[in-house]
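In case you want the letters, here they are:
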Amino acid sequence: MADNSFLLEGINYYKQKLYSKALTFFLSLPSDLESTELNKIEIAYYLGLCFAQLKKYDDALLYLEQVVTSGTQLERVSQCRFLLAVIYAITGRKRLADFELNKLLETGYMSSSVQSALAFVAWEQKDIRKCMDYYEEALRVDSTNLTAMNGLGYVLACQDKDLSRALSLCKEAVRTAPESAACLDSLGWVYYKLGLYEDARKYLQKAENLDENNQIIAEHVRLLDKAVS
């Protein structure tokens with residue numbers, strides 16, 4: 001195994017969530033340190049992670065794809081494939097996201113998380129039935145999956161279906177992640193759909209305070225304001 005101790009400083013920056021410092025470190029490494037294929041892939045792995053954390057998605061894709069095509073270290077290949085899928089979904093490349101996620105399903109990697117990601121892609125494609133099926137499968141595999149709980153609760157609310165279950169799912173999501181703007185927004189949205197505007201205000205306002213630039217949350221607050229005016 002190649003000696004990668006020279007990377008420890010950058011790895012520590014990354015673990016401390018000092019992503020800009022970590023990125024600067026890895027980008028400043030002399031090219032001769034990539035003399036072995038393992039070192040090259042290790043550096044590409046951390047560069048991909050850093051760029052992804054900093055939301056510089058095109059740069060992240062470049063390095064994550066290097067790791068995936070290397071075929072070495074199956075766990076990392078799967079992790080990077082999952083990140084590729086998430087970035088493709090975020091940036092509107094739904095078919096590519098779907099391709100990467102289905103490749104992961106074939107390997108059995110993080111099945112519940114992959115199903116949740118497929119649900120998000122289906123939602124973005126306005127395929128509501130498929131979206132709900134994927135979330136249901138994610139919860140079947142792992143009933144504690146936060147993304148699936150919150151996602152299914154939100155979709156049920158948007159479709160005005162089984163609001164009691166939507167409320168239960170979103171309450172559990174908020175109990176699990178009380179400072180998640182997404183979870184708070186979903187719970188507030190369920191309360192709005194139930195006509196419980198005071199409860200809706202409590203959670204939607206907190207969500208907006210945590211993520212004031214989120215257009216979806218802002219729209220939910222606007223609709224609530226309109227409903228009570």
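What comes next concerns the included structure. Because the structure is a prediction, the values reported are computed rather than measured.

Reading the values: the criteria
- Residues numbered from 1 in each chain as written.
- Predicted model: local features only at pLDDT ≥ 70, side-chain atom pairs only at ≥ 80, totals over all residues.
- Heavy atoms only, no water.
- Helix = DSSP H or I, 4+ residues; strand = E, 2+ residues; numbered from the N terminus.
- Buried < 20%, exposed > 50% of the residue type's maximum accessible area, 1.4 Å probe, protein only.
- Contact = heavy atoms within 4.5 Å.
- Areas by Shrake-Rupley, 256 points an atom, 1.4 Å probe, with all protein chains shown as cover.
- Lys, Arg positive; Asp, Glu negative; His and termini not counted.
- Charge placed at Lys NZ, Arg CZ, Asp CG, Glu CD.
- Phe/Tyr/Trp six-rings, centres within 6.5 Å; stacked < 30°, edge-to-face > 60°.
- Lys NZ or Arg CZ within 6 Å of the ring centre and 35° of its normal.
- Salt bridge = Lys/Arg side-chain N within 4 Å of Asp/Glu carboxyl O.
- Core = buried A, V, L, I, M, F, W, Y, C linked by side-chain atoms within 4.5 Å.

Moving on, we come to the overall build of the chain. A tally of helices and strands in the chain yields 13 helices and zero strands. When the helices and strands of the chain are listed from N to C terminus, the series reads α-α-α-α-α-α-α-α-α-α-α-α-α. Summarising its shape, the C-alpha atoms of the chain cover approximately 65 × 35 × 25 Å along the three principal directions. Across the 229 residues of the chain, 45% fall into the buried class. For the chain, restricting intrachain contacts to residue pairs at least 6 apart in sequence, the fraction spanning at least 24 positions comes to 45%. Put simply, the chain shows about 12200 Å² of open surface, and 50% of that area lies on carbon and sulfur atoms. Put simply, the chain has 26 plus and 31 minus side-chain charges, and the middle of one group is 4 Å from the middle of the other.

For the rest of this paragraph, the subject is the packing of aromatic side chains. The full count for this structure, using the stated rule, is 10 aromatic pairs. An angle of 10° between the planes, with centres 5.8 Å apart, marks the rings of Phe51 and Tyr63 as stacked. With a gap of 12 residues between them, Phe51 in helix H3 (residues 37-53) and Tyr63 in helix H4 (residues 57-70) connect regions that are remote in the sequence. One exposure class covers both Phe51 and Tyr63, and it is buried. Relative to Tyr197, the ring of Tyr192 lies with its centre 5.8 Å away and its plane at 35°, an arrangement referred to as tilted. A relative accessible area of 17% places Tyr192 in the buried class. Residue class for Tyr197 comes out partly exposed when judged on its relative accessible area of 31%. An aromatic cluster is defined as three or more aromatic residues linked by ring pairs; in this entry it consists of Tyr14, Tyr19, Phe25, Phe26, Tyr45 and Tyr46. A cation sits over an aromatic face here: Arg76 above Tyr45, 3.9 Å from the ring centre.

Throughout the structure, instances matching the rule amount to 11 salt bridges. Arg165 is paired through a salt bridge with Glu136; the nearest N and O atoms lie 2.6 Å apart. Taken together, the residues Arg165 in helix H10 (residues 163-176) and Glu136 in helix H8 (residues 128-141) connect sequence positions 29 residues apart. Overall, Glu136 belongs to the partly exposed group, its relative accessible area being 31%. Residues Glu179 and Lys206 are paired through a salt bridge, measuring 3.4 Å at the closest nitrogen-oxygen approach. Taken together, the residues Glu179 in the loop between H10 and helix H11 (181-193) and Lys206 in helix H12 (residues 197-210) connect sequence positions 27 residues apart.

This part takes up the side chain of Glu100. Following the sequence through the fold, Glu100 ends up in helix H6 (residues 94-107). Apart from the residues within four sequence positions on either side, Glu100 is in contact with Arg81, Leu84, Ala85 and Tyr88.

A separate point is the nonpolar core. One finds Phe26 and Leu101 to be the most contacted residues of the largest nonpolar core, which totals 80 residues. The greatest single-element share of this core, amounting to 10 residues, is contributed by H3.

The backbone of Lys126 shows a phi angle near 65°, a positive value even though the residue is not glycine. Within the fold, Lys126 resides in the loop between helix H7 (111-124) and H8. Backbone geometry at Asp160 places phi at a positive 55°, although glycine is not the residue there. In this fold, Asp160 is placed in the loop between helix H9 (146-158) and H10.

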